[in-house]
Amino acid sequence: MDDQGIAKLMTISLWLESARGHCREEPTPSKRHCARYRWDTALELRVGKKIHYVLGRNISTCGIGVLSRAGVTPGRTVELRRTPEDPWVGCRVMHNTQSVGAYRVGLAFEAGA
């Protein structure tokens, strides 16, 4: 893995560490194989050349759930970061569910981020 890939994995690890101070999102055992942690954090979601400002809701080693004003097509590759100092982390849109005033978007971290 190159230096950029390592930086992205380190970024995800830092995000997870900041979220682990909260209670788990759901009790054990869960239908999910990755424990989710609550993580209410402002993020930037880049879809092509457009940047959307989203709110992180939960995070796991597998991915992250966000709330967005814009819907994103499932299967699409997008990028995510918390601050301009963070590298863009590659994700795949797993689901996009319309809710009241927002979309709940599930993102899976891509291999090598």
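Just above sits the structure.
Residues numbered from 1 in each chain as written. Predicted model: local features only at pLDDT ≥ 70, side-chain atom pairs only at ≥ 80, totals over all residues. Heavy atoms only, no water.

Draft legend 1. Molecular detail of the pattern of salt bridges. One pass over the structure, following the stated rule, counts five salt bridges. Arginine 38 is the salt-bridge partner of aspartate 40, the closest N and O atoms lying 3.2 Å from each other. Where arginine 57 meets aspartate 40, a salt bridge forms, and the shortest distance between an N and an O atom there is 2.7 Å. You can see arginine 57 sitting in strand β2 (residues 50-59) and its partner aspartate 40 sitting in strand β1 (residues 37-47), a full 17 residues away along the chain. Residue aspartate 40 is classed as partly exposed on the basis of its relative accessible area, which comes to 42%. (Salt bridge = Lys/Arg side-chain N within 4 Å of Asp/Glu carboxyl O. Helix = DSSP H or I, 4+ residues; strand = E, 2+ residues; numbered from the N terminus. Buried < 20%, exposed > 50% of the residue type's maximum accessible area, 1.4 Å probe, protein only.)

Draft legend 2. Summary view of the side chain of glutamate 44. Along the polypeptide, glutamate 44 turns up in strand β1. According to the relative accessible area criterion, glutamate 44 is buried, its value standing at 12%. A polar side-chain atom of glutamate 44 sits 2.6 Å from a polar atom in the side chain of arginine 81. (Polar contact = N/O pair within 3.5 Å; in protein donor to acceptor, adjacent residues only side chain to side chain.)

Draft legend 3. Main features of the nonpolar core. Judged by nonpolar contacts, the single largest core of 22 residues is most densely connected at Leu45, Ile59, Ile64, Val78, Leu80, Leu107 and Phe109. Contributing elements (two or more residues each) for this core: α1 (3-19), β1, β2, β3 (63-68), β4 (77-81), β5 (89-99) and β6 (102-109). Dropping the residues within four chain positions of it, phenylalanine 109 is found in contact with Ile12, Trp15, Ile59, Ser60, Thr61, Cys62, Gly63, Ile64, Val89, Gly90 and Cys91. (Core = buried A, V, L, I, M, F, W, Y, C linked by side-chain atoms within 4.5 Å. Contact = heavy atoms within 4.5 Å.)

By themselves these figures say nothing about function.
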